[in-house]
Amino acid sequence: MNFKLNSRNQPVVFSLIKDVTLTIKREDEIHPYISGNKYRKLKYNLLAAEEQGFETLLTFGGAYSNHIAATASAGSEFGFKTIGIIRGDELVDKVSDNPTLSFAQKCGMELKFISRKDYREKSSPEFIVNLKNRFGDFYLLPEGGTNDLAIKGCEEILTENDNDFDYICTPVGTGGTIAGVINSTNPNQKVIGFSALKGDFLKEEIAKLTTKDNWSLLTDFHFGGYGKTSNELIAFINKFKEETNISLDPVYTGKMIFGLVDLIQKNKFKKGTKIIAIHTGGLQGIEGMNSILKQKGLETIK
Ligand SMILES: Cc1ncc(COP(=O)(O)O)c(C=O)c1O
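Let me begin by describing the structure that accompanies this report. (Residues numbered from 1 in each chain as written. Predicted model: local features only at pLDDT ≥ 70, side-chain atom pairs only at ≥ 80, totals over all residues. Heavy atoms only, no water.)

Further remarks concern the sheet that holds strand β10 (residues 274–278). Taken in spatial order, the six strands of this open sheet run β1-β2-β10-β7-β8-β9, and their pairing is mixed. Strand pairing shows two members of the sheet lacking a second neighbour, β1 (9–12) and β9 (215–218), which therefore form its edges. Each adjacent strand pair in this sheet contributes to an overall mean axis angle of 25 degrees, direction not counted. Bridge count for strand β7 (residues 167–172) against strand β8 (residues 190–195) is six bridges, and the pairing is parallel. (Pairing = 2+ DSSP bridges. Helix = DSSP H or I, 4+ residues; strand = E, 2+ residues; numbered from the N terminus. Axes fitted to C-alpha atoms, helices over the stretch in contact; angles between N-to-C directions.)

What follows is the structure, given as structure tokens:
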């Protein structure tokens, strides 16, 4: 398998930023469909699956999951059969209305829809045995793609060219990406995670995944929870795009940059601080979010 995983650092000029410098690490550009951190998380898992002789990857996700889209695309690119266990049995006849699921299906992913109640059992050994009886043997990727090999992949996001940055910012969902990033920092650098989910439980999760303590998790910028947005957030994403030509997704990177700009405006960083924010991708989710916003008569993402 041949992976090309180099991203560029793009300094940005944005009217709401003063006294500090902001660079975006364009991980979103490393592949057109296997977006940003998803590729990093998949890399060593794909190698392990191949080495162990698996022909099928099986994973879990919600209706608009970046991980489902990325796994489906990786399967078609690297020759694995893919199975996606999707949360919500009501979605079974709505695939054609859902850009993420129809993309996954076009990549060859077999979709199996299960109720939200059954979905909660997805980590139990009995549930996995039932899946093996139904689908045959498979390499299991957890929801969101986070496991030890995923963290190893995310340790490669920062390179020696990034040693000069004082702060490294990343969005947080399950905590795997930030754990890899923290592991590869120098002691003089600080990592700030912006949680896309409500609740403080993620701090404990992240602490379990890394041994360093040069990081913090901000939980004030989730906009009501996972997948929730507001007019203010969408307007911000559109303004950022207009001024920098960089698209942000509404679930992860948009919330991170919104939060970061808020901190900069409140002078939380010393003058001259060098900040790099990791663009973890997720842009495939814009189409699905836009159709929800359109139905509600709200401003959409440009
Ligand atoms: C685009 C994007 N950014 C960030 C994250 C958060 O990564 P993690 O789950 O490793 O915290 C995810 C998904 O999980 C994602 O899809």
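Moving on to the site of the ligand. Around the ligand sit 15 residues in total, of which K41, G173, T174, T177 and T280 are the nearest. A distance of 2.6 Å separates an oxygen atom of the ligand from a polar side-chain atom of T174. Measuring from an oxygen atom of the ligand, one finds a side-chain N or O atom of T177 at 2.7 Å. For the ligand, whose accessible area on its own is 380 Å², the fraction buried by protein is 98%. Only α1 (36–51) and α7 (176–183) provide two or more residues apiece to the shell around the ligand. With three residues, the top contributor of residues to the shell around the ligand is α1. Class assignment of the residues belonging to the shell around the ligand gives a composition of two nonpolar, 11 polar and two charged. (Near = heavy atom within 4 Å. Polar contact = N/O pair within 3.5 Å; in protein donor to acceptor, adjacent residues only side chain to side chain. Areas by Shrake-Rupley, 256 points an atom, 1.4 Å probe, with all protein chains shown as cover. Nonpolar A, V, L, I, M, F, W, Y, C, P; charged D, E, K, R; others polar.)

Turning to the pattern of salt bridges, a few remarks are in order. One pass over the structure, following the stated rule, counts 16 salt bridges. Across the pair K239 and E243 runs a salt bridge whose closest N-O atoms are separated by 3.2 Å. With a gap of four residues between them, K239 and E243 both fall in helix α9 (residues 231–244), about one helical turn apart. As a salt-bridge pair, K302 and E299 come within 3.6 Å of each other at their nearest N and O atoms. Residue classification places K302 among the exposed residues on the basis of a relative accessible area of 64%. Residue E299 is classed as partly exposed on the basis of its relative accessible area of 34%. (Salt bridge = Lys/Arg side-chain N within 4 Å of Asp/Glu carboxyl O. Buried < 20%, exposed > 50% of the residue type's maximum accessible area, 1.4 Å probe, protein only.)

Moving on, we come to the sheet that holds strand β5 (residues 110–114). If you walk across this open sheet you meet the four strands as β5-β4-β3-β6, and the pairing is parallel. Of all strands in the sheet, those with a lone pairing partner are β5 and β6 (139–140), marking the two edges. In the packing of helix α2 (residues 66–78) onto the sheet, contacts are made with β3 (56–61) and β4 (81–87), and the angle to β3 comes to roughly 165 degrees. (Contact = heavy atoms within 4.5 Å.)

A negative phi holds for most residues other than glycine; trans holds for most peptide bonds. Of note in the backbone geometry, F223 takes a positive phi value of approximately 55 degrees without being a glycine. Residue position: F223 is located in the loop between β9 and α9. Exposure remark for F223: the relative accessible area of 18% places this residue in the buried category. Non-glycine residue N245 carries a positive phi angle of around 65 degrees. As for its placement among the helices and strands, N245 is situated in the loop between α9 and α10 (253–265). Here N245 falls in the exposed class, since its relative accessible area comes to 61%.

Further remarks concern the packing of aromatic side chains. Counting across every chain of the model gives 13 aromatic pairs. Measuring from ring centre to ring centre gives 5.2 Å for Y33 and F103, while their planes differ by 35 degrees; the resulting arrangement is tilted. Residue Y33 is found in the loop between β2 (21–25) and α1, and its partner F103 is found in helix α3 (residues 99–106); the two are separated by 70 residues along the sequence. Its relative accessible area of 22% is what places F103 among the partly exposed residues. Plain terms: the ring middles of F223 and F258 are 4.9 Å apart, the flat faces sit at 85 degrees to each other, and that makes the pair edge-to-face. Taken together, the residues span a long stretch of sequence, with F223 in the loop between β9 and α9 and F258 in helix α10 at a distance of 35 residues. F258 shares its class with F223; the two are buried. Cluster of aromatic residues (ring-pair linked, three or more members): F14, F223, F236, F240 and F258. Over the ring of Y44 we find K152; its NZ or CZ atom is 4.2 Å from the centre of that ring. (Phe/Tyr/Trp six-rings, centres within 6.5 Å; stacked < 30°, edge-to-face > 60°. Lys NZ or Arg CZ within 6 Å of the ring centre and 35° of its normal.)

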